[in-house]
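Read off the chains here:
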There are 2 protein chains.
Amino acid sequence: MANEWATFGADLHLELRGPRLRAGLMDALREAVRSGRLEAGTRLPSSRSLAADLGMARNTVADAYAELVAEGWLTARQGSGTRVARRAEPRRPEPRRAESGRPEPGRVDPHRAAPRRAEPSPEGGPAVAPPARARSRPATPAHNLKAGTPDLASFPRAEWLKAYRRALTAAPNEAFGYGDPRGRIELRTVLAEYLARARGVYARPERIVVCAGFVHGLMLIGQVLRSRGVRDVAIESYGLGLHAGLLTGAGLGTPVLPFDERGTRVEESGPLGSAGAVLMTAAHQFPLGGALPPDRRAEVVDWARASGGFVLEDDYDGEFRYDRQPVGALQGLDPERVVYLGTASKSLAPGLRLAWMVLPESLVGEVVAAKGVVDWVSSAPDQLAFAEFLGSGAYDRHVRAMRLRYRRRRDQLVAAVAAHSPETRVSGIAAGLHAVLALPPGTEQEVLRAAAWNGLAVQGVGQFRRPTVPATLDGLVVGYATPPDSAWQSALQALCRVLPQAPGGV
Amino acid sequence: MANEWATFGADLHLELRGPRLRAGLMDALREAVRSGRLEAGTRLPSSRSLAADLGMARNTVADAYAELVAEGWLTARQGSGTRVARRAEPRRPEPRRAESGRPEPGRVDPHRAAPRRAEPSPEGGPAVAPPARARSRPATPAHNLKAGTPDLASFPRAEWLKAYRRALTAAPNEAFGYGDPRGRIELRTVLAEYLARARGVYARPERIVVCAGFVHGLMLIGQVLRSRGVRDVAIESYGLGLHAGLLTGAGLGTPVLPFDERGTRVEESGPLGSAGAVLMTAAHQFPLGGALPPDRRAEVVDWARASGGFVLEDDYDGEFRYDRQPVGALQGLDPERVVYLGTASKSLAPGLRLAWMVLPESLVGEVVAAKGVVDWVSSAPDQLAFAEFLGSGAYDRHVRAMRLRYRRRRDQLVAAVAAHSPETRVSGIAAGLHAVLALPPGTEQEVLRAAAWNGLAVQGVGQFRRPTVPATLDGLVVGYATPPDSAWQSALQALCRVLPQAPGGV
């Protein structure tokens, strides 16, 4: 926490205490920017000089700077040093409505995806499409590499039960009654602490609303936006059809943002210009796997500020980043314009139905009212158990253990693909629970058929492509976290068998 | 269960085994009627002669007959004996839509409540209205007799924890993943058994949908009915404003059914005639407390059959009946036209967020689709724990213990009111967790103010009156189950102080 780590004076004097210097430095710098003590455009000391001042290794400072650049807090340009980014200025929440501040009508949108229809894709469907060939094949897939589920065999039953027992024993009687629609205060309090520490989220308990999964949260937000008069919520070119359908079901249009090799494009002159909100997987695009580049993080927040729009940040697997510290949440850049949505579904288990929103102050009342209408949905003992699980450090320990396990699997995946199918490029491997294996153009369906024939459940990128987006990518989305340890190696072998130029293929 | 208890031959031969003869006889008779083996109009043997045939006490048979008359399965008329009721004929589900079979437009509705507006009532509000007088009074009520919550201090923590531990330990890994939107099959299986046994519900696991509370279930049903083209769902003259608001929010009209001294009137010539469904608390009207008389139970099911409509049966406290066996669920009369909604909120605790629907076959697909859109919401470990809790008999033991405790409180309430306010009539005492104390006309607001002044949270019947219903009743709705044992006597004394002609009043 910022308070634990740093005290700022007028001369940028930081008093750092405790072991986690780098994270603490980042928190302190974020807080200084957020509060306005470091103004936009301010040039920071060089990493060498700050490190000397602080008695820290220079790399620690340089890494912190680089991360904050990646998150959009700072900018770094050759010759001009590291500066506080423009849009990271302090702000006061404005009571604007989402429909205000829109661009003039008649603007042309040169980036909107071409209307050419790709083949309809069974997005989010429960299984791969059956092969065109009518030959018999395994009825139930023997191997499961579908993305979206963590290794369920790793659910920490004993630790969870311990937390549940403690929570149930200590719960006040009123916890068993009808509760606050925002969720139990005990849980919101530890969540606020955790999200600030682990994800750089600006979270206060009174802005957190516990919900029964990302989908439940998105449904509530969609209702609120619609009743505010928002017509369109922009979505990424690739994503879950379930989420788009939910927005459509709430009466919202879903214009599709274009993408290029750097990720989703968020120009105001694009579909964003007419949208009241945008749904984004900024830290780890689902399913393609990249992090939104710093300049685009800044750009989309700038758009939200200028237009009065909202960014809906789907931080579904933010805890899992392997080769460096996690990219902090976009929400920290502007808590009044970003709705942060997190979940225990990937870090712990979907079966718990525990998720949370951190809301701009201006939306709290409306979201609570919308949730009240459908009743509060998460059981109080569960919420108290999760609060205990988080507060006791059991959650951190579990996430650390799973991060090691998933990273090992990722490394094995990369090595196996390199050995069996050296032409196949693996991307999206820096984070998360899945990777994308690029396939030669036009071969995705054939590989999916081969997978089905081999008893391997896996999805193609086409299954996540929005209907209006041209089919320019062929690839497999490989959920390497999905199988239990005991089934992982055989699933990996099955995958290798269906890849192009696999020496041991069928 | 029927199969365990009886085998019917052409000559009405029942082979009863096991200890619970009366319940078993009722199940067997219901099943015989449901299956068509006993046709409508068939005259049953006299209780004396059937008792002799079965080797049972005559009272046992007479009681079973009386209960089945109360439930609408049988009719009993002076001189014509006991017969199978007309509407209890066997039926095949018809694929009619709810809008078919409506009466001709232009029919006059003589029973619709007069348009005279009663004073607006803060239905379902969190607290009694502040007194008109500006004198200071206790900020937080010292005593709580608001209806709708069981004694939370009695939540069986140790037993629940035991069930949770067993369930979590035994759960298959897949239980931690994304689940069946209907809920865990383990829970639906034991629920089907329990509901058939305890509530006379015709339940099969594949027709049960677990939900996160009655409100969640009603929201789903409302959505489905609306998308089927239903415009109106009739409601009772008294009820929770929250429920009416939920239907309105789903785009449905809520015409109000009239009531008389026998309860809610359900003539087809009334508001029901233009409705696609009706929401009823048939077993125990909330808040007035009566059971819907047998002829009206029959009448509303007849209406549903003839019109293709649905009865939404809110069986919120069906487990709690004190002076005789519970009135069986209306649903048993026609599982294809009655949606049964039950909950653990009164029998166990609202904080668990566990409830269930038993659906007509024709609605299952649509309700599951509606629920899928908002995601499945109940945690899998909770569902498995509740399955274990039910299956192990812990639920029955808890309900039995609470029934004794609540009955004792009810008896104390009746005795205290008789002693302190002998003119005050107490009604609705045969069942449930609350009673209604009739007040002299025009005095309800004054008594509520006195209650607030005495630190007593309690609601008047006016707070549950639909806005269009004339204010012909004055009374208090006393939730005698609400306080913990330690606070019950003082709450009762506070209540007696505010009643008319209370010798020890303020």
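In this convention, every chain numbers its residues from 1, walking through the sequence in written order. Each chain is given a letter, starting from A, and each ligand a number, starting from 1, according to the order in which they appear as written. A pLDDT threshold of at least 70 governs which residues receive local features in this predicted model, and a stricter bar of 80 or more applies before side-chain atom pairs are shown or counted, although totals over entire chains, interfaces and linings include all residues. Side-chain numbers come from the whole structure's heavy atoms, not from hydrogens or water.

**Side note on empty space enclosed by the protein**
Link 1 in the chain: Each cavity reported here is a set of points on a 1 Å grid over the protein atoms alone in which a 1.4 Å probe fits but cannot get out, each pocket an open set with protein on both sides within 12 Å along at least five of seven lines, and each lining residue one with an atom within 4 Å of a point. Grid points are joined across faces, edges and corners, and a volume is the space filled by probe spheres set on the points. One pass over the full model with this rule turns up 7 cavities of 30 Å³ or more.
Link 2 in the chain: The calculated volume of the second largest cavity comes to roughly 70 Å³.
Link 3 in the chain: As for the second largest cavity, its lining consists of 14 residues, and the residues nearest its centre are A:Val377, A:Ser379, A:Asp382, B:Val377 and B:Ser379.

**A few points about the environment of A:Leu288**
Residue and element names in this part refer to chain A.
Link 1 in the chain: Relative to the helices and strands, Leu-288 is located in the loop between strand 8 (277-280) and helix 9 (294-307).
Link 2 in the chain: Here the alpha-carbon distance between Leu-288 and Ala-435, two residues 147 residues apart in the chain, equals 7.6 Å.
Link 3 in the chain: The criterion used for residue contact is that any of the two residues' heavy atoms lie within 4.5 Å. In this view, Leu-288 contacts Tyr-238, Phe-259, Ser-427, Gly-428, Val-436, Val-461 and Leu-473; residues no more than four positions away in its chain are not counted. Note on conventions: DSSP H or I runs of at least 4 residues are helices, E runs of at least 2 residues are strands, and numbering of each starts at the N terminus.

**Re the packing of helix 12 (residues 394-420) of chain B against helix 14 (residues 485-498) of chain B**
Residue and element names in this part refer to chain B.
Link 1 in the chain: Following both chains from N to C, one finds helix 12 and helix 14 inclined at 25°, their axes separated by 10 Å at the closest point. Looking at the two axes, helix 12 sits roughly parallel to helix 14. Like other packed secondary-structure pairs, helix 12 and helix 14 cross with a definite hand, here right-handed. Across the interface between the two elements, Arg-405, Arg-409, Gln-412, Leu-413, Ala-416 and His-420 of helix 12 pack against Asp-485, Trp-488, Gln-489, Leu-492, Leu-495 and Cys-496 of helix 14.
Link 2 in the chain: Polar here means any residue other than Ala, Val, Leu, Ile, Met, Phe, Trp, Tyr, Cys and Pro, which are nonpolar, and Asp, Glu, Lys and Arg, which are charged; Gly is therefore polar. Residues belonging to the contact of helix 12 with helix 14 are distributed by class as follows: 6 nonpolar, 3 polar and 3 charged. Fitting a line to C-alpha atoms yields each axis, with helices limited to the stretch in contact; the angle taken between N-to-C directions then spans 0 to 180 degrees. Oblique is the label for any angle not covered by the other classes, which are roughly parallel (under 35 degrees), roughly antiparallel (over 145) and roughly perpendicular (65 to 115). In this scheme, a crossing is called left-handed if the near helix is turned counterclockwise away from the far one by less than a right angle; it is called right-handed if the turn is clockwise.

**Points about the sheet that holds strand 16 (residues 475-478) of chain A**
Link 1 in the chain: Spatial ordering of the open sheet is given by 12-13-16-15 (chain A), a layout of 4 strands whose pairing is antiparallel. Unpaired on one side and paired on the other, strand 12 (426-427) and strand 15 (459-460) of chain A mark the two borders of the sheet. A pair of strands is considered paired only if DSSP assigns at least 2 bridges between the two.

**Some points on the interface of chain B and chain A**
Link 1 in the chain: Taken together, the contacts link 43 residues of chain B with 42 residues of chain A.
Link 2 in the chain: Here's the idea: put two parts together, see how much 1.4 Å probe accessible area each one loses, and the total over both is what we call buried area. Roughly 3,500 Å² is buried in total at the junction of chain B and chain A, and carbon and sulfur atoms are behind 62% of that figure.
Link 3 in the chain: It is B:Arg157, B:Phe176 and B:Arg353 that lose the most area in chain B upon contact with chain A, and together they represent 20% of the buried surface on that side.
Link 4 in the chain: Salt-bridge detection follows one rule: a side-chain nitrogen of Lys or Arg within 4 Å of a carboxyl oxygen of Asp or Glu. Run the count over chain B and chain A and you get 0 salt bridges.
Link 5 in the chain: Whenever two N or O atoms come within 3.5 Å, that pair is a polar contact, provided that in protein one can donate a hydrogen and the other can accept it, and provided that, for residues adjacent in sequence, both atoms are side-chain atoms. At the surface where chain B touches chain A, the tally comes to 19 residue pairs in polar contact (both at pLDDT 80 or more).
Link 6 in the chain: Looking at the side of chain B that touches chain A, the elements that each hand over two or more residues are helix 5 (157-170), helix 7 (214-227) and helix 11 (380-391) of chain B.
Link 7 in the chain: Ranked by residues supplied to the side of chain B that touches chain A, first place goes to helix 5 of chain B with 8 residues.

**Considering the relation of the copies chain B and chain A**
Link 1 in the chain: A least-squares fit on C-alpha atoms brings the copies together, and the residues used are those whose pLDDT is at least 70 in both copies. Note on the identical chains: chain B maps onto chain A by a rotation of 180° and an axial translation of 0.0 Å, with an RMSD of 0.1 Å. Here the transformation between the copies is reduced to the relation of a two-fold axis.
Link 2 in the chain: Most of the interface of chain B is mirrored in chain A, where 98% of its interface residues are also at the interface.

**Some thoughts on the packing of helix 11 (residues 380-391) of chain A against helix 12 (residues 394-420) of chain A**
Residues and elements named next belong to chain A.
Link 1 in the chain: Interhelical geometry of helix 11 versus helix 12 gives an angle of 70° and a closest axis separation of 4 Å. Relative to helix 12, the element helix 11 lies roughly perpendicular. Along its contact with helix 11, which presents Phe-386, Phe-389 and Leu-390, the element helix 12 presents Ala-394, Tyr-395, Asp-396 and His-398.
Link 2 in the chain: Taken together, the residues that form the contact of helix 11 with helix 12 break down as 5 nonpolar, 1 polar and 1 charged.

**Topic: the nonpolar core**
Link 1 in the chain: Residue types Ala, Val, Leu, Ile, Met, Phe, Trp, Tyr and Cys, when buried and joined through side-chain atoms within 4.5 Å, form a set referred to as a nonpolar core. Relative accessible area decides the class of each residue, using a 1.4 Å probe on protein chains only: under 20% of the type maximum gives buried, over 50% gives exposed, and in between gives partly exposed. Ranked by internal contacts, the top residues of the largest apolar core, which has 138 residues, are A:Trp160, A:Phe386, B:Trp160 and B:Phe386.
Link 2 in the chain: When neighbours within four sequence positions are excluded, B:Phe386 is seen to be in contact with B:Trp160, B:Leu187, B:Leu191, B:Ala344, B:Leu348, B:Leu354, B:Trp356 and B:Tyr395.

**Concerning helix 13 (residues 444-453) of chain A**
Residues and elements named next belong to chain A.
Link 1 in the chain: When we look at burial in helix 13, the residues that qualify are Glu-444, Val-447, Leu-448, Ala-450, Ala-451 and Ala-452.
Link 2 in the chain: Next to the buried residues of helix 13 lie strand 14 (456-457), strand 15, strand 16 and helix 14 (485-498).
Link 3 in the chain: Of the residues one or two after helix 13, Gly-455 is the one with positive phi, at around 70°.

**Describing the sheet that holds strand 12 (residues 426-427) of chain B**
All names here are of chain B.
Link 1 in the chain: Taken in spatial order, the 4 strands make up an open sheet running 12-13-16-15, and their pairing is antiparallel. Only two strands of the sheet have a single neighbouring strand rather than two, namely strand 12 and strand 15 (459-460).
Link 2 in the chain: Direction of pairing for strand 12 relative to strand 13 (residues 435-438): antiparallel, over a ladder of 2 bridges. Counterpart to Ser-427 in the pairing with strand 13 is Val-436.

**Here we look at the packing of aromatic side chains**
All names here are of chain A.
Link 1 in the chain: Any two of the Phe, Tyr and Trp rings considered here, Trp counted by its six-membered ring, make a pair once their centres fall within 6.5 Å; the pair's planes then place it as stacked at under 30 degrees, edge-to-face at over 60, or tilted in between. By the definition in use, this model includes 25 aromatic pairs over all chains.
Link 2 in the chain: Each ring, one from Trp-160 and one from Phe-386, has its centre 6.4 Å from the other, and the planes form 40°; the classification is tilted. With a gap of 226 residues between them, Trp-160 in helix 5 (residues 157-170) and Phe-386 in helix 11 connect regions that are remote in the sequence. This pair shows no difference in class: Trp-160 is buried, exactly as Phe-386 is.

**Examining the confidence of the model for chain A**
Residues and elements named next belong to chain A.
Link 1 in the chain: Per-residue pLDDT for chain A has a mean of 83; in total, 82% of the residues score no lower than 70.
Link 2 in the chain: The predictor attaches a confidence to each residue, called pLDDT, with possible values from 0 through 100. Low pLDDT (under 50) marks residues 88-138, which in the prediction has 106 contacts with non-local residues, meaning those over four places away or in another chain.
Link 3 in the chain: With pLDDT under 50 throughout, residues 502-506 is counted as low confidence; its partners more than four residues away or in other chains account for 9 contacts.
Link 4 in the chain: Per the prediction output, this complex has pTM 0.79; the corresponding ipTM is 0.78.

**As for the pairing of strand 16 of chain A**
All names here are of chain A.
Link 1 in the chain: What you see with strand 16 is no split at all: Gly-475 and Val-477 on one side and Leu-476 and Val-478 on the other are buried throughout.
Link 2 in the chain: As judged from the 4 bridges shared by strand 13 (residues 435-438) and strand 16, these two strands associate in the antiparallel manner. In the strand pairing of strand 16, Ala-435 is matched with Val-478.
Link 3 in the chain: Two strands pair when backbone bridges link them, and strand 15 and strand 16 are joined in this way by 2 bridges, in the antiparallel orientation. Across the sheet, Gly-460 pairs through a bridge with Leu-476, a residue of strand 16.

**Quick word on the pattern of salt bridges**
All names here are of chain A.
Link 1 in the chain: Scanning the entire structure with this criterion turns up 49 salt bridges over all chains.
Link 2 in the chain: Between Glu-361 and Arg-207 there is a salt bridge whose closest N-O contact spans 3.4 Å. Of this pair, Glu-361 sits in helix 10 (residues 361-373) while Arg-207 sits in the loop between helix 6 (185-199) and strand 4 (208-211), placing them 154 residues apart in sequence.
Link 3 in the chain: By relative accessible area, which is 45% here, Glu-361 ends up partly exposed.
Link 4 in the chain: Overall, the relative accessible area of 3% leaves Arg-207 in the buried class.
Link 5 in the chain: Through salt bridges with shared partners, a single ionic network connects Asp-151, Arg-405, Arg-409 and Asp-485.

**Some details on the environment of A:Ser392**
Residue and element names in this part refer to chain A.
Link 1 in the chain: Mapped onto the elements, Ser-392 comes out in the loop between helix 11 and helix 12.
Link 2 in the chain: Ignoring sequence-local partners within four residues, the contact set of Ser-392 consists of Arg-166 and Arg-397.
Link 3 in the chain: A distance of 3.3 Å separates a polar atom in the side chain of Ser-392 from the backbone oxygen of Phe-389.

**Quick look at the side chain of B:His434**
Residues and elements named next belong to chain B.
Link 1 in the chain: Tracing the sequence through the fold places His-434 in the loop between strand 12 and strand 13.
Link 2 in the chain: Using a relative accessible area of 3% as the deciding quantity, one classes His-434 as buried.
Link 3 in the chain: Of note is the side chain of His-434, whose polar atom sits 2.9 Å from the backbone oxygen of Pro-287.
Link 4 in the chain: Leave out the neighbours within four places in its chain, and His-434 touches Ala-147, His-284, Gln-285, Phe-286, Pro-287, Tyr-316, Gly-428, Val-477, Val-478, Gly-479 and Tyr-480.

**Observations concerning the side chain of B:Asp474**
Residue and element names in this part refer to chain B.
Link 1 in the chain: In this fold, Asp-474 is placed in the loop between strand 15 and strand 16 (475-478).
Link 2 in the chain: Engagement of the side chain of Asp-474 in a polar contact is seen with the backbone nitrogen of Glu-444, the distance being 3.0 Å.
Link 3 in the chain: Dropping the residues within four chain positions of it, Asp-474 is found in contact with Leu-437, Ala-438, Leu-439, Pro-440, Pro-441, Gly-442, Thr-443, Glu-444 and Val-461.

**Describing unusual backbone geometry**
Residues and elements named next belong to chain A.
Link 1 in the chain: Put simply, Phe-286 and Pro-287 share a cis peptide bond, and its omega is 5°.
Link 2 in the chain: Its place among the elements puts Pro-287 in the loop between strand 8 and helix 9.
Link 3 in the chain: With a phi angle near 55°, Arg-353 is a residue other than glycine that sits in the positive phi range.
Link 4 in the chain: Its location among the elements puts Arg-353 in the loop between strand 10 (338-343) and strand 11 (355-358).
Link 5 in the chain: Take Arg-353: its relative accessible area is 2%, and that puts it in the buried class.

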